[in-house]
Amino acid sequence: MTAGPQLVDAFTARRESDATSLVFEYMAATLAEAGRAPPAGIDQLPPVLRDECQNLAAVYRLPGTLLVAYRDEEPIGCVGLAPDPPGLTAEVKRLYVRPAHRKAGIGHILMLHAHRHAAQHGLRQLILDVLPSRTHVIDFYRRLGYTDTDPYPPSHLWPWSTCSGRFSGNAG
């Protein structure tokens, strides 16, 4: 039986390079799925995504986090919580598991650890947005207790995404 993944905070574990690679892979795949040309490097990302990828420590600062999952010292997935001032809400961002490691519960484990982090750091609400075409992802979040909500904040929502929210007090 294979041991579960090891999860670390990318910044306290000094694994920002691995986190950057995973976040970039997520962004490139999402752009391709949305019909955009997949970028070959961070410098080819749209400005808002490029800024995030180049400033992960600022985007996922405390009380948020950027968790990275490892199996046999190989980075295999990530999820971030980006806090929204005044600090009671965070956006779940960049939940990503490399294709070779999918269907093994890694995404679920990452989300459970993200929920635990949120509860331990006083975050009361978690929000996220998802491409409507990712029905399996929407179903995954619903199984975790997320429900459809209005965009938060309204100007933040990409025109091609749907929004969900969850109170971290219900984390499980």
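Residues numbered from 1 in each chain as written. Predicted model: local features only at pLDDT ≥ 70, side-chain atom pairs only at ≥ 80, totals over all residues. Heavy atoms only, no water.

### A word on the environment of R36
Put simply, the test is: In this text, helices come from DSSP runs of H or I with a minimum length of four residues, and strands from runs of E with a minimum of two, each type numbered from the N-terminal end. Here's how the labels work: a residue is buried when its accessible area is under 20% of the maximum for its type, exposed when over 50%, partly exposed in between, all with a 1.4 Å probe on protein chains only.
Tracing the backbone shows R36 in the loop between α1 (16-33) and α2 (47-54). Given the relative accessible area of 43%, R36 is considered partly exposed.

### Quick word on the packing of α1 against α2
We count it as follows: Only the contacting stretch of a helix is used when fitting its axis, a line to C-alpha atoms as for every element, and angles between N-to-C directions run 0 to 180 degrees. Roughly parallel means an angle under 35 degrees; roughly antiparallel means over 145; roughly perpendicular covers 65 to 115; every other angle is labelled oblique. Left-handed describes a crossing in which the near helix is turned anticlockwise from the far one by less than a right angle; the clockwise case is right-handed. Two residues form a contact once any of their heavy atoms are found within 4.5 Å.
At a minimum axis distance of 10 Å, the contact between α1 and α2 shows a crossing angle of 165°. Taken together, the axis directions place α1 and α2 in an arrangement best described as roughly antiparallel. Here α1 and α2 pass one another in a crossing that is right-handed. Of α2, the residues touching α1 (which contributes T20, V23, F24, M27 and L31) are L49, E52 and C53.

### Some words on helix α5 (residues 135-143)
To be explicit about the condition: Relevant arc is that of directions from the helix axis to the C-beta atoms, nothing else.
Residues I138, F140 and Y141 constitute the buried set of α5. The buried residues of α5 occupy an angular sector of 155° when projected down its axis, which confines them to one face. Residues of α5 that are exposed and point over 90 degrees away from its buried face: H136 and R143. Where α5 ends, the next residue or the one after it, G145, has phi of about 105°, a positive value.

### Details of the packing of aromatic side chains
For the record, the criterion: Any pair of Phe, Tyr and Trp rings, taking the six-membered ring for Trp, is counted once the centres come within 6.5 Å. Such a pair is stacked with planes under 30 degrees apart, edge-to-face with planes over 60 apart, and tilted for the rest.
Scanning the entire structure with this criterion turns up three aromatic pairs. Residues Y26 and Y96 carry aromatic rings whose centres are separated by 6.4 Å and whose planes lie at 80° to one another, so their mutual orientation is edge-to-face. Of this pair, Y26 sits in helix α1 while Y96 sits in strand β4 (residues 89-97); the two residues are 70 residues apart in sequence, bridging distant segments of the chain. Taken as a pair, Y26 and Y96 share a single burial class, namely buried. Judged by centre distance (5.4 Å) and plane angle (70°), the ring pair of Y141 and Y146 falls under edge-to-face.

### Side note on the nonpolar core
Counted only if it meets this: Residues grouped as a nonpolar core are buried Ala, Val, Leu, Ile, Met, Phe, Trp, Tyr and Cys residues, joined through side-chain atoms within 4.5 Å.
Judged by nonpolar contacts, the single largest core of 23 residues is most densely connected at V79, L81, V92, L110, M111, Y141 and Y146. Of all elements in the fold, only β2 (65-71), β3 (74-84), β4, α4 (106-120), β5 (125-130) and α5 reach the threshold of two or more residues within this core. Sort the elements by how many residues they give to this core and α4 lands first, with five residues.

### Some points on the pattern of salt bridges
Opposite charge on two side chains allows them to pair when their charged atoms are near. Rules: A side-chain nitrogen of Lys or Arg and a carboxyl oxygen of Asp or Glu constitute a salt bridge if their distance falls within 4 Å.
Under the defined criterion, the tally for this structure stands at seven salt bridges. The closest approach of N and O atoms between R98 and E25, which form a salt bridge, is 2.6 Å. You can see R98 sitting in the loop between β4 and α4 and its partner E25 sitting in helix α1, a full 73 residues away along the chain. Its relative accessible area of 26% is what places E25 among the partly exposed residues. Among the salt bridges present, the one from R134 reaches E33, with a minimum N-O distance of 2.9 Å. Highlighted residues: R134 in the loop between β5 and α5 and E33 in helix α1, separated in sequence by 101 residues.

### Focus: the layout of surface pockets
This is how the line gets drawn: Points on a 1 Å grid over protein atoms alone make up a cavity when a 1.4 Å probe fits among them but cannot get out, and a pocket when they form an open set with protein on both sides within 12 Å along at least five of seven lines; lining residues each have an atom within 4 Å of a point. Grid points are joined across faces, edges and corners, and a volume is the space filled by probe spheres set on the points. In this classification, Asp, Glu, Lys and Arg are treated as charged, Ala, Val, Leu, Ile, Met, Phe, Trp, Tyr, Cys and Pro as nonpolar, and every other residue, Gly included, as polar.
In this structure, the largest pocket encloses a volume near 1,100 Å³. Along the wall of the largest pocket there are 41 residues; nearest its centre are Y26, L95, Y96, R134 and V137. When residues of the lining of the largest pocket are assigned to their parent elements, the largest contribution, seven residues, is made by β4. Its residues placed into classes, the lining of the largest pocket shows 21 nonpolar, eight polar and 12 charged.

### Considering the pairing of β5
The two faces of the sheet receive side chains in turn, since in a regular strand these alternate between them. Note the threshold: Strand pairing follows a simple DSSP-based rule, namely that at least 2 bridges must link the two strands. Here is how to tell: hold the view so the strands point away, follow the path from the first strand over the helix to the second, and if it runs clockwise the crossover is right-handed.
Sheet topology places β4 next to β5; three bridges connect them, and they run parallel. Considered in β5, the bridge of A90 is made with L126. Handedness of the crossover joining β4 and β5 through α4 is recorded here as right-handed.

None of the figures reported here should be taken as evidence of function without further support.
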